[in-house]
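# Architecture at a glance
These are the residues of each chain, in order.
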Amino acid sequence: MKRTLACQMLLLTFTVLTAVAIEAPIGLVSRTGDRSIVLHWDRNSEPNLSGYRVYRSPSSDGPFVVQSPNLVSSAGFCDLSVGVVNGQTNFYQVTAVTTTAQESLPSATLAAVPQVFASDDEFLDYVQQCNFDYFWYLANPSNGLVPDRSATGSPCSIAAVGFGLTAIGIGIDHGWISRTQGVARVLTTLNTFLQGPQGTNTSGTIGYKGWFYHFLDMNTALRSPASELSSIDTTLLLAGILYAKQYFAGTNTDETTIRTMADTIFNRLDWNWMAQGTNVVSMGWFPPGNFIANNWVGYNEGMHLYCLGLGAATNPLPVSAWSRWTSGYTWATNYGQAFVPFPPLFGHQYSHCWIDFRHLADAYMNSHNSTYFQNSRRATLAQRAYCVANPLSHVGYGSNVWGLTACDGPTGYAARGAPPAENDDGTIAPTAAGGSIAFTPEYSLPALRQFYSYRKNIWTAYGFRDAFNLGQQWYGPDELGIDQGPIVIMIENYRTQRVWRLFMRNEEVQRGLQRAGFVPLAFAPPRLQVQPEQNSFNLAWDSQAGRTYQVEYSPDLDTWLASPTGELIAPGLATSWTDGGPPATATVPFAVPQRFYRVFQLGYP
C-alpha cells in the first residue's frame, strides 16, 4: 500500500513538472474568410521553445486532432483544409513544444466560423487584417523590429519597420489592436532607433550620421553582417516614424514622448553627408568609409527621399536636388498610356503610401498635364494591358492575373516589371495589384479576388505569399514585409485616405514639396443636372480645349475617389461627364444617400 502511494506521488510530481516545462500559449484570436480560418496568439518567450501544435475539433468537447505533421514555427496558422466549411463552427487549441519535445497544456479553446464574403468591404477587411498581422505578430515585441521576411532567422528590414509603424495606426483604427497596445509597441520601436549606437565600426552599431543599416539583427538591433547604410530604407523607416508622430497626437506623456522621439530621430540625419556635399543622394555607405557609387537620380521609389530631405529643418538638401532628380526622367507611351516609366510597380507605389500626390504637381508633371498619382495609375494600366497582351505567352496572365514588381521567384529575388519587360519570367506578386488599389481599384480588387481563389497555394496567416508562377507551378515560401506593407497601407488610402491625411500634416513634408516646386492644381466648378429617367447625374464645367480634367466623387466630403472614366481631355470650352454607376463610380448614384463631386484640371492653371 505504501509502495503504491509512493508511485502515485512520483507520477504526480512528474506530470506537474512536464506540464510547466513551457507555458500554454495565450491570446488566441481568429480571422475568418471564405473557406479559411487564420489563428494568431502571443508568442512564447521561453528560450527552449521549438514551435507550436494546432489542434482542431468540430465540437468544443473534442476530440482535438493535430492539424500539421510539423511544428508551426511562428505564432500564426492558416487552416484551409477540407474541414473548413462556410457556416460551420470549428474549435481550436494551441500548445507550445520545447526543444526536448515536451508539450504544454492546451490554450483556451477558440471557436471560429468561416463565411462567404458578403461584400468587397468584407473581403478587403480580411486581406488587410491578415497582412497587418505580419507586422504585429512577427515583430520582436522587446525592440519593435520587423523581419525582412517570414522565414525563420530572417534579419530585420528597417523599411519593413517603417511600413509596420504605419500599419499599427491602421490596426488601431480598425480595432485589431488597442491604442494602448499600439502606443507601447511604437515607444519600444522608436527607443530602439533613438538609443542604438552609431559609429563607423563595421559591427556593433545600428547606423551612422543618423542613417540606419538596411538589415539589423532581430535580437540585438545591430548591423547585420555585410549590410549597407541605406538611404532609401532609412527614409522608408522615417516615413513610418513621421506618420506615427501625427497619429499619436494625444497630450498624455506616452504620446508626447512618441512625437519628441520622432523629431529627434528625423532631425539628426545628416542629409548633406549622404549627398557628399552635392545635390544628389548616394544609395548608401559601407563602413568604415565607402559610399556606394550609384545615386538616386531618375524616377523610382526614391521620390519620397528627396521630399523628406528637402523639407528637413536641419542641414536639408539644396533646392537644386529636385531638378537633379527629375533630370533622369523619360516620358514614354506604352500600351496607350503616356507616363514616366519604371517597370516594377513598387517604384510607382512606395512614395504614394504616405504622400498624397493627387492634387498637386511639380514643374515636370505640370508640363506633361499629369500628376505623380496619374503617372502611377497609367503605369499600372499599362502593366495590366501588357499582361493581357501577354507577349511572352506566360501561363495564367490575363485581365485578373497581373502584377509585376520586385519579388521572390523560381530563380530568386529580382526586380520584375513591364512595360518595357524586365525580368518577366511569369511570376506574379500580389503586392503589385494590391499596392496599386488606390490608383486602379476597378482592376486591383478583381485581381486580389482572383489571387484569393488560389488560396490553397498562396494564402497564409500573414496574408498573401510574396509571389507565384503558374507556368512553373511555383508558390513562394515566404511573405515579405516590404510587400505586405503596401497592401495594408494602400487599401487604407483607397478606402479612407487616413494615412495620406495624417502624413500630409507634417511640416517637413509640406516644406519639402514646396521647395521641390509643387503647386496645387486648379479646380473647375461643376454644374450638376439630375437625369432621373437614366438613373444618372450629369456634370458639366467650363474648360480649356485640349486640357485634361479629372472627376472625383465622395460619399462624405472626406474620402474622395477618382472616377475611372473621369480623366477627360476637354473637346472645347465646355466638358461634361455622366455618372450612371459602374464603371464611372462604384454604385449607381440613386442607390446611395448622398454623393458629392468635384473636378480638377491637370497641368498649369
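Residues numbered from 1 in each chain as written. Predicted model: local features only at pLDDT ≥ 70, side-chain atom pairs only at ≥ 80, totals over all residues. Heavy atoms only, no water.

The next thing to look at is the overall build of the protein chain. Helices and strands together make up the secondary structure of the protein chain, namely 17 helices and 31 strands. Radius of gyration (C-alpha) of the protein chain: 26 Å, near the 25 Å computed for a compact globule of 605 residues. With 605 residues in all, the protein chain has 58% of them scored as buried. A fraction of 66% describes how many contacts in the protein chain between residues 6 or more apart in sequence connect residues 24 or more apart. Averaging the positions of the 35 positive and the 43 negative side-chain charges in the protein chain gives two centres separated by 2 Å. (Helix = DSSP H or I, 4+ residues; strand = E, 2+ residues; numbered from the N terminus. Rg over C-alpha atoms; globule rule 2.2 N^0.38 Å. Buried < 20%, exposed > 50% of the residue type's maximum accessible area, 1.4 Å probe, protein only. Contact = heavy atoms within 4.5 Å. Lys, Arg positive; Asp, Glu negative; His and termini not counted. Charge placed at Lys NZ, Arg CZ, Asp CG, Glu CD.)

To continue, consider the confidence of the model for the protein chain. Per-residue pLDDT for the protein chain has a mean of 95; in total, 97% of the residues score no lower than 70. The low-confidence segment residues 1–19 (pLDDT under 50) makes 4 contacts with residues lying over four places distant or belonging to another chain. (pLDDT = per-residue confidence, 0-100.)

In this section: the nonpolar core. Core analysis: the biggest nonpolar cluster contains 159 residues, and Phe193, Trp271, Tyr306, Trp322, Trp354, Phe451 and Trp459 have the highest contact counts within it. If you look at the next biggest cluster of nonpolar residues, it comprises 16 residues, including Leu28, Val72, Tyr92 and Val94. (Core = buried A, V, L, I, M, F, W, Y, C linked by side-chain atoms within 4.5 Å.)

Here helix α11 (residues 372–389) contains 18 residues, and its C-alpha end-to-end distance of 25 Å stays within 8% of the 26 Å for a straight helix at 1.5 Å per residue. A distance of 3.4 Å separates the backbone nitrogen of phenylalanine 373 from a side-chain oxygen at the start of α11, and that oxygen is part of threonine 371. One or two residues past the end of α11 sits asparagine 390, with phi positive at roughly 50 degrees. (Expected span 1.5 Å × (residues − 1). Polar contact = N/O pair within 3.5 Å; in protein donor to acceptor, adjacent residues only side chain to side chain.)

On to the sheet that holds strand β13 (residues 284–286), then. Sheet architecture is open: 3 strands sit in the order β12-β13-β14, paired in antiparallel fashion. This sheet does not close on itself; its edge strands, each paired only once, are β12 (229–230) and β14 (290–291). As paired elements, β13 and β14 share 2 bridges and run antiparallel to each other. Paired with phenylalanine 286 across the strands is asparagine 290, a residue of β14. (Pairing = 2+ DSSP bridges.)

Before going further, it helps to examine the packing of helix α2 (residues 120–137) against helix α13 (residues 441–452). Their axes nearest at 11 Å, the elements α2 and α13 cross at an angle of 65 degrees. Every pair of crossing elements has a handedness; the one defined by α2 and α13 is left-handed. Together, Asp120, Phe123, Leu124 and Tyr126 of α2 and Leu445, Leu448, Arg449 and Tyr452 of α13 make up the contact between the two elements. When the residues that make up the contact of α2 with α13 are grouped by side-chain class, the tally is 6 nonpolar, no polar and 2 charged. (Axes fitted to C-alpha atoms, helices over the stretch in contact; angles between N-to-C directions. Left-handed = near helix turned anticlockwise from the far one by under 90°. Nonpolar A, V, L, I, M, F, W, Y, C, P; charged D, E, K, R; others polar.)

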